Each structure stands twice: as structure tokens, then as C-alpha cells.
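Coordinates in review
Here are the chains, one letter per residue:
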Amino acid sequence: MEEIKYIPVAVLLFYLSYLDLKKREVPDFAVLTLFIYSLFTCKDFKESFLMAVIVFMVLLIPSIIFEGSIGGGDIKLLTALAFFMGKDFSVLALPMFVLLAGTLIYGLIKGKGVKYSVPLVPYVFVSYLFYFSLEVFLWNLHFWY
């Protein structure tokens, strides 16, 4: 029954994916909503906080060094999502990497090069759905920890 807490986040990520595709922006109110929701649903505040700080730093440093690498809204969203998920946030990495690598290969094949911009939130949403399906339908991922 604990898996119900993942549904509002999936709905929010779906909405944000739509906005990111249409307007290429991630509204602050939605990220703040996710963060506030996370405060009430996280199991281990210390673990969630640590994961959020790690994700924030890992994403902020390249965005400062490489212009146009990742948007500020994406950084805030992924940080709030890391706070919500805690250690489980690492499960999002593989599907996001596969999707982004596929997009890169597609861009190279179509001649767009490696510097074209894509909205990131739809990738996060699909990766989250992958995580959610593992968590709810296949097995509880928490046995790994």
C-alpha cells in the first residue's frame, strides 16, 4: 500500500513533461510542490537530504562549466525528486542514460550533431515510470539496501 505515494509524483512528472515539451520550462511552483510532498513522505530525512545535495552538486557543476548543458529548472526538479526518492534515485540513472544515448545516436544519424537541445523532463518521466513499475509490479527494490 505504500506504493500509492508514487502516483502523485508520476502525475506531476507527466504534467511537467507536457510543459517541457511545449514551453521548454519547468515551473518553480511544481518543483516546490514536489519538495513539500517529499517532506511528508520521505522515510529517512538524512538519507533524502544527502541524496538531494549530491544530485544538486553533480548537476550544478557541469551547468556552470558548460554553457547550455542542463537547465536550472531541470536541476531543481531532479534535486527535489532525489529528495523524494532517497537512495532509490540511482535507479533512474540507467533508463535515463539509455534514453539520452538513444537520442544522441538519433541526432548523429540525422545530422543534427551532439549540441542540439532536448527537453529533459520527458526522459525523467519515462525513467520514473520504469522505476515505479519495478517498485510496484515486479519487486520491492528496498531489499537491495
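Above this text sits the structure in question.
A few points on the structure. (Residues numbered from 1 in each chain as written. Predicted model: local features only at pLDDT ≥ 70, side-chain atom pairs only at ≥ 80, totals over all residues. Heavy atoms only, no water.)

A separate point is the overall build of the chain. Looking only at helices and strands, one finds six helices and zero strands in the chain. Starting at the N terminus, the α and β elements of the chain follow one another as α-α-α-α-α-α. Split into buried and exposed, the 145 residues of the chain put 41% on the buried side. A fraction of 74% describes how many contacts in the chain between residues 6 or more apart in sequence connect residues 24 or more apart. Summing over all exposed atoms, the chain offers an accessible surface of approximately 8800 Å²; the carbon and sulfur share of this is 73%. (Helix = DSSP H or I, 4+ residues; strand = E, 2+ residues; numbered from the N terminus. Buried < 20%, exposed > 50% of the residue type's maximum accessible area, 1.4 Å probe, protein only. Contact = heavy atoms within 4.5 Å. Areas by Shrake-Rupley, 256 points an atom, 1.4 Å probe, with all protein chains shown as cover.)

As a further point, take the packing of helix α1 (residues 6-23) against helix α2 (residues 28-41). Across the interface, α1 lies against α2 with an axial gap of 11 Å and an inter-helix angle of 170°. On the basis of the axis angle, α1 is roughly antiparallel to α2. Residue-level contacts link P8, V9, L12, Y15 and L16 of α1 to F29, A30, L34 and Y37 of α2. Here the residues of the contact of α1 with α2 are counted per class, giving nine nonpolar, no polar and no charged. (Axes fitted to C-alpha atoms, helices over the stretch in contact; angles between N-to-C directions. Parallel < 35°, antiparallel > 145°, perpendicular 65-115°, else oblique. Nonpolar A, V, L, I, M, F, W, Y, C, P; charged D, E, K, R; others polar.)

The N-to-C vectors of helix α3 (residues 45-65) and helix α4 (residues 72-85) enclose an angle of 160°; their axes lie 7 Å apart at closest approach. By the angle between their axes, α3 is roughly antiparallel relative to α4. Here α3 and α4 pass one another in a crossing that is right-handed. For the pair α3 and α4, contact is made by F45, S48, F49, M51, A52, V55, F56, L59, L60 and S63 and by I75, L78, T79, A82 and F83, respectively. (Left-handed = near helix turned anticlockwise from the far one by under 90°.)

As a further point, take the packing of aromatic side chains. For the structure shown, the criterion picks out nine aromatic pairs. Aromatic rings pair up to connect Y6, Y37, F84, Y128, Y131 and F132 into one cluster. Here the guanidinium or amino end of K5 rests over the ring plane of F84, the centre of that ring lying 5.7 Å away. (Phe/Tyr/Trp six-rings, centres within 6.5 Å; stacked < 30°, edge-to-face > 60°. Lys NZ or Arg CZ within 6 Å of the ring centre and 35° of its normal.)

A word on α3. For an α-helix the count is 3.6 residues per turn, leaving residues at separations of three or four pointing the same way. Counted at 1.5 Å a residue, the expected span for α3 with its 21 residues is 30 Å, and the 30 Å between its end C-alpha atoms agrees. Every buried residue of α3 is listed here: S48, M51, A52, V55 and L59. Looking straight down α3, one finds its buried side chains confined to an arc of 100°; they lie on one side. Summarising the geometry of α3, the exposed residues directed more than 90 degrees from the buried face are K46, L50, I64 and I65. Buried-residue contacts for α3 involve α4. (Expected span 1.5 Å × (residues − 1). Arc of directions from axis to C-beta.)

Its place among the elements puts D74 in helix α4. Although D74 is buried, it forms no salt bridge, and the closest oppositely charged side chain is R24 at an N-O distance of 7.1 Å. (Lys, Arg positive; Asp, Glu negative; His and termini not counted. Salt bridge = Lys/Arg side-chain N within 4 Å of Asp/Glu carboxyl O.)

The first and last C-alpha atoms of helix α5 (residues 93-109) sit 24 Å apart over 17 residues, in line with the 24 Å expected at 1.5 Å per residue. When we look at burial in α5, the residues that qualify are P95, M96, T103 and G107. Projected onto a plane normal to the axis of α5, the buried residues spread over an arc of 110° and lie on a single side. Looking at α5, the residues exposed on the side facing more than 90 degrees away from the buried face are L94, F97 and I109. The positive-phi residue at the C-terminal boundary of α5 is G111, with phi of around 80°.

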